[in-house]
Amino acid sequence: MMPDENFASSFAARWIEGPGKVSGGGGDGGGFGYWQPRTQHLPQQQQQQQQEGSPAIPPYTDFDRSYFRAYSDIAIHKEMIQDRVRTETYLAAIMKYRHLIFDKVVLDVGCGTGILAIFCAAAGAKRVYAVDASEIAEQARHVVEDNNLSDRVTVLFGRVEDVSINEKVDIIISEWMGYMLLHENMLPSIIFSRDKWLKPGGLILPSHASLFMAPVTYADRYHERIGFWRDVHGIKMSAMLQLAKHSSHREPHIEIIPRENVVTRPILVKDVDCYTVTIQELESVTTRFCVTSTLRAPLHGFAFWFDAAFGGPAVYPSEQHLQLPLMGPVDKISRVLCHKKQEMGSDAEIMLSTAPGKPPTHWKQTMLYLYDPMTLNKGQKIAGCVTVSQSKENRRFLDIHLEFSVGGRTRVKVAEMR
């Protein structure tokens, strides 16, 4: 969920570097009564003392430690909060369902700086549990204190699978989506929370998400990375082409793809219903496709993106005639929420789209380049199969296997999203 390729690379380097102790202040409690220590350090016998019927707790791996350590970097949180499409869409959803949040219990999974938890408190939540396993949780606790919300927002430091919450919740909110929707594999934590704590008929935000893919032509970018080597100041450097292709195209790129570069209709790779999705169905996703090119152009690769929808539960109470007071310590935030609702209207659909041509987000699009372009004719069929699987090395990585045919020519592209 980083803003550009350089930032993403540095994030990945910190994340995949392997085992290491998480450093920084706040470690195992810092002396604050509601500051929860990591339960992964408990003896195994205690770990096994789970309530009967509770979902299984996944192992806490060295990759997980590195992953959470990377999210202690404040720059990541700054870039996410500055993504106006992302942050204002969540604001709009909280405002739309304010009548469901008011006087209810909310769980914010992966709270980061605590901004969504505070928005929910401003919308009138009775109690908010804000959970994060990275060291940023200590700053989130101070943010809560600075906004005089310690009586309603409880920051819990640890994986959501490990913390203790002694009541059911009415709402689960989380910004769990990674590149290609499923990168970082945070959705299983939402499923765990849903199965353990969400009341029947409770609300999950976002409620649904869809991963899409489409063939793309992008001659300018291909030349920038590859064609450059054909002639460098009059010097023939074609010998560099294969190395350039391997170096540039072996992994997916995070970049903005112009809408006009998409040459077919979108292909739906995976639909996710957060109320019913299971952890098992996320381990590997396979979709067959057959689409038609809308123009004649070289095919340079395939772009992936996602939409996230903020739909309500199947049945929920009307907000008509419901008077919701502004919450004293955060009146300013509450007024912003009310203004956001007036802007969008009470019946407007709330959708966060990262599609080409939509207002850009820090997710941008994920581009999988071919080593060599293929010629496409207008009206030509592109048929094949794509599989997106959790990496066996690290379940937070994605393995991508794409096989397709154009005009009797078949290509296979394999890549790893680290």
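Refer to the structure above for everything that follows.
Residues numbered from 1 in each chain as written. Predicted model: local features only at pLDDT ≥ 70, side-chain atom pairs only at ≥ 80, totals over all residues. Heavy atoms only, no water.

Caption draft 1: Structural detail: the sheet that holds strand 5 (residues 198-205). Spatial strand order, 3-2-1-4-5: 5 strands in an open sheet with parallel pairing. Each edge of the sheet is formed by a strand with only one pairing partner; in this case those strands are strand 3 (153-157) and strand 5. Neighbour-to-neighbour, the strand axes of the sheet open up by a mean angle of 20 degrees, direction not taken into account. Pairing of strand 2 (residues 127-132) with strand 3, which is carried by 5 bridges, proceeds in the parallel orientation. Looking at the pairing, Asp-132 lines up with Phe-157 of strand 3. On the sheet, helix 9 (residues 187-197) packs against strand 1 (105-109), strand 4 (169-174) and strand 5 and is oriented at approximately 155 degrees with respect to strand 5. (Pairing = 2+ DSSP bridges. Helix = DSSP H or I, 4+ residues; strand = E, 2+ residues; numbered from the N terminus. Axes fitted to C-alpha atoms, helices over the stretch in contact; angles between N-to-C directions. Contact = heavy atoms within 4.5 Å.)

Caption draft 2: Looking closely at the nonpolar core. Within the largest apolar cluster, 92 residues are counted, with the highest numbers of intra-cluster contacts made by Leu-107 and Phe-404. Here the element with the most residues in this core is helix 7 (residues 115-122); it accounts for 6 residues. Three or more residues apiece are contributed to this core by two domains, here domain 1 (62-209 + 308-314 + 328-353) and domain 2 (212-306 + 360-417). Dropping the residues within four chain positions of it, Leu-107 is found in contact with Tyr-129, Val-131, Val-160, Ile-165, Val-169, Ile-171, Ile-172, Ile-173, Ser-193 and Trp-197. Among the nonpolar cores identified, the runner-up in size contains 11 residues, and Ala-214, Val-216, Tyr-218 and Met-367 belong to it. (Core = buried A, V, L, I, M, F, W, Y, C linked by side-chain atoms within 4.5 Å. Buried < 20%, exposed > 50% of the residue type's maximum accessible area, 1.4 Å probe, protein only. Domains from an automatic or database assignment.)

Caption draft 3: Structural view of helix 9. Within helix 9, 10 of the 11 residues are buried, leaving the element largely enclosed by the surrounding structure. What helix 9 keeps buried is the set Leu-187, Pro-188, Ser-189, Ile-190, Ile-191, Phe-192, Ser-193, Arg-194, Lys-196 and Trp-197. Next to the buried residues of helix 9 lie strand 1, strand 4, strand 5 and strand 8 (267-273).

Caption draft 4: Here's a closer look at the pattern of salt bridges. Within this structure, the stated rule accounts for 17 salt bridges. When the shortest N-O distance is used, the salt bridge between Asp-62 and Arg-65 registers 3.1 Å. Here Asp-62 pairs with Arg-65, and both are found in helix 3 (residues 62-70), just 3 residues apart, close to one helical turn. Classification of Arg-65 as partly exposed rests on a relative accessible area of 24%. We note a salt bridge from Arg-221 to Glu-255, for which the minimum N-O separation is 2.3 Å. On the criterion of sequence distance, the pair formed by Arg-221 in helix 10 (residues 219-225) and Glu-255 in strand 7 (residues 253-255) is long-range, its members being 34 residues apart. (Salt bridge = Lys/Arg side-chain N within 4 Å of Asp/Glu carboxyl O.)

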